[in-house]
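Coordinate inspection notes
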Amino acid sequence: MKHKYIVLLLLFIFLLAAFLRFYKLGSIPYGFYQDESAIGYNALSILETGKDEYGKSFPLYFKSFGDYKLPIYIYATVGTVALFGLNEFAVRFPSAFFGFLTVIVFYFFVNELTKNKKLSLIATFLLAINPWHLHYNRATFEVSICLFLFVLGTYLAQAFVEH
């Protein structure tokens, strides 16, 4: 397959992945569940005061609704709340963004493993349209960041071992 066609197909896949993750992100899925609102509120509180809803300065675990939330997603949301204001789009944005980055890194990871551009394109396309991946990328789920870090770390480890 010629390099020009690979680049065009890859660009199409990345644009499709971005569209599927960001289109009407603030309104689809419908509703805003309890954890999303708690994450948004804590992100706003950190942004404005440097403290969570219970008055703790920059905590490592956020107490909320009788359980504890991990800090990475909340701290990632601080920036998007600062940019977009406190709304559904801002709270869901980190999940969609890291899901999109996962699609990009996944192409390079599969290509590093297989050295097969066609297989890498097919695998990346399947991840870009995967309902499971889209479900977790379009709502506030920490697993989106986790999967990105896992794929990136595995890709970097594989690239280090190969070279």
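In what follows, the accompanying structure is described.

To continue, consider the nonpolar core. Formed by 31 residues in total, the largest nonpolar core has its most connected members in Phe-14, Val-103, Phe-106, Tyr-107 and Leu-121. Among the secondary structure elements, those contributing two or more residues to this core are α1 (3-22), α2 (34-49), α3 (71-84), α4 (88-114), α5 (117-129) and α7 (143-162). The biggest single contributor to this core is α4, with 10 residues. Setting aside residues up to four positions removed in sequence, Val-103 forms contacts with Phe-14, Ala-17, Arg-21, Thr-124, Leu-127, Ala-128 and His-133.

Over its 16 residues, α2 runs 22 Å from end to end, which matches the ideal 22 Å to within 8%, given 1.5 Å per residue. Buried within α2 are the following residues: Glu-36, Ala-38, Ile-39, Gly-40, Asn-42, Ala-43, Ser-45 and Ile-46. Close packing links the buried residues of α2 with β1 (62-64), β2 (67-69), α3 and α4.

This paragraph deals with the side chain of Asn-137. Its place among the elements puts Asn-137 in helix α6 (residues 131-137). Residue class for Asn-137 comes out buried when judged on its relative accessible area of 1%. Within the structure, Asn-137 has its side chain in polar contact with the side chain of Arg-21 (distance 2.8 Å).

A separate point is a nonpolar patch on the surface. A surface patch of nonpolar side chains, about 450 Å² in accessible area, is lined by Phe-12, Ile-122, Phe-125, Leu-126 and Ile-129. A total of 4 residues in the nonpolar patch trace back to one element, the largest contributor, which is α5. Tracing the sequence through the fold places Phe-12 in helix α1.

Let us look at the packing of aromatic side chains. One pass over the structure, following the stated rule, counts 13 aromatic pairs. Between Phe-98 and Phe-148, the aromatic rings sit 5.4 Å apart at their centres with planes inclined by 55°, giving tilted as the arrangement. Taken together, the residues Phe-98 in helix α4 and Phe-148 in helix α7 connect sequence positions 50 residues apart. For the ring pair Tyr-136 and Phe-141, a centre distance of 4.8 Å and an interplane angle of 75° mean the geometry is edge-to-face. For Tyr-136, a relative accessible area of 26% gives the class partly exposed. By way of ring pairs, the aromatic residues Phe-22, Phe-84, Phe-89, Phe-93, Phe-97, Phe-98 and Phe-148 are connected into one cluster. Lying over the aromatic face of Tyr-54, Lys-63 brings its terminal NZ or CZ to 5.1 Å of the ring centre.

Our focus in this paragraph is the packing of α1 against α4. Where α1 meets α4, the axes come as close as 9 Å, and the angle between the chain directions of the two elements is 160°. Considering their axes alone, α1 and α4 lie roughly antiparallel with respect to each other. Here α1 runs over α4; the crossing is right-handed. Seen from α1, the contacting residues are Ile-6, Leu-10, Phe-14, Ala-17, Ala-18, Arg-21 and Phe-22; seen from α4, they are Phe-89, Phe-93, Ala-96, Phe-97, Gly-99, Phe-100, Val-103, Ile-104 and Tyr-107.

So, about the environment of Ser-45. The topology assignment puts Ser-45 in helix α2. By relative accessible area, Ser-45 is classed as buried at 12%. Separated by 66 residues in sequence, Ser-45 and Asn-111 place their C-alpha atoms 42 Å apart. Setting aside anything within four residues of it in sequence, one finds Ser-45 in contact with Gly-50, Lys-51, Asp-52 and Glu-53.

Conventions and cut-offs
Residues numbered from 1 in each chain as written. Predicted model: local features only at pLDDT ≥ 70, side-chain atom pairs only at ≥ 80, totals over all residues. Heavy atoms only, no water. Core = buried A, V, L, I, M, F, W, Y, C linked by side-chain atoms within 4.5 Å. Buried < 20%, exposed > 50% of the residue type's maximum accessible area, 1.4 Å probe, protein only. Helix = DSSP H or I, 4+ residues; strand = E, 2+ residues; numbered from the N terminus. Contact = heavy atoms within 4.5 Å. Expected span 1.5 Å × (residues − 1). Polar contact = N/O pair within 3.5 Å; in protein donor to acceptor, adjacent residues only side chain to side chain. Patch = residues over 30% accessible without salt bridge, like charges linked within 9 Å, V, L, I, M, F, W, Y side chains within 5 Å. Areas by Shrake-Rupley, 256 points an atom, 1.4 Å probe, with all protein chains shown as cover. Salt bridge = Lys/Arg side-chain N within 4 Å of Asp/Glu carboxyl O. Phe/Tyr/Trp six-rings, centres within 6.5 Å; stacked < 30°, edge-to-face > 60°. Lys NZ or Arg CZ within 6 Å of the ring centre and 35° of its normal. Axes fitted to C-alpha atoms, helices over the stretch in contact; angles between N-to-C directions. Parallel < 35°, antiparallel > 145°, perpendicular 65-115°, else oblique. Left-handed = near helix turned anticlockwise from the far one by under 90°.

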